[in-house]
Amino acid sequence: MGYILPVQPMQAEIYANRMNAERNNFAYVDRVEKVKFDTDLMDKFEDSLRHEQERIMEDREPNVAKSRPPYLKGFIYPNPANLSPEIAHLVGKGLTVNEYA
């Protein structure tokens, strides 16, 4: 004896709803609502814009106190004192490349 599961025709319902839906123009743009000009908001915007421009000008001018650490400047050059062949022979590192010991 078996049991037959009830089948929901979901795909047919989705198709029927799509066919019954209104055809709308995808390029239609709603009208823009009229708004009042807020002078306080414009003053705040101009102040923030002025502060941003001042900050940019401060960043552009060279300043010895604001020197960046070497890792933010780009490539960090190795210390030449650590590259000597004498140190390589003493430590045993840097003598071979891509070889298994």
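Residues numbered from 1 in each chain as written. Predicted model: local features only at pLDDT ≥ 70, side-chain atom pairs only at ≥ 80, totals over all residues. Heavy atoms only, no water.

Draft legend 1. Seen up close, the overall build of the protein. Across its full length, the protein carries four helices and zero strands. In the protein, which comprises 101 residues, the proportion classed as buried is 2%. When the accessible area of the protein is evaluated, it comes to approximately 11300 Å², of which 58% is carbon and sulfur surface. (Helix = DSSP H or I, 4+ residues; strand = E, 2+ residues; numbered from the N terminus. Buried < 20%, exposed > 50% of the residue type's maximum accessible area, 1.4 Å probe, protein only. Areas by Shrake-Rupley, 256 points an atom, 1.4 Å probe, with all protein chains shown as cover.)

Draft legend 2. Main features of the pattern of salt bridges. The tally for this structure, following the rule as stated, stands at three salt bridges. When the shortest N-O distance is used, the salt bridge between Asp47 and Arg50 registers 3.1 Å. Placement of both Asp47 and Arg50 in helix 2 (residues 39-60) is noted, with a separation of three residues, approximately one turn of the helix. Connected through shared salt-bridge partners, Glu52, Arg55 and Asp59 make up one network. (Salt bridge = Lys/Arg side-chain N within 4 Å of Asp/Glu carboxyl O.)

Draft legend 3. Seen up close, helix 2. Between its terminal C-alpha atoms helix 2 stretches 32 Å, which fits the 32 Å expected from 22 residues at 1.5 Å a residue. Backbone nitrogen of Asp40 and a side-chain oxygen of the N-cap are separated by 3.3 Å at the start of helix 2; the cap is Asp38. (Expected span 1.5 Å × (residues − 1). Polar contact = N/O pair within 3.5 Å; in protein donor to acceptor, adjacent residues only side chain to side chain.)

Draft legend 4. Here's a closer look at a negative patch on the surface. The grouping of Asp38, Asp40, Asp43 and Glu46 at the surface amounts to a negative patch. Of note, Glu46 is situated in helix 2. The class of Glu46 is partly exposed, set by a relative accessible area of 40%. (Patch = residues over 30% accessible without salt bridge, like charges linked within 9 Å, V, L, I, M, F, W, Y side chains within 5 Å. Lys, Arg positive; Asp, Glu negative; His and termini not counted. Charge placed at Lys NZ, Arg CZ, Asp CG, Glu CD.)

Draft legend 5. A look at a nonpolar patch on the surface. Together, Phe37, Met42, Phe45 and Leu49 make up an exposed nonpolar region whose accessible area comes to about 420 Å². In this fold, Leu49 is placed in helix 2. Under the relative-accessibility criterion, Leu49 is labelled partly exposed at 40%.

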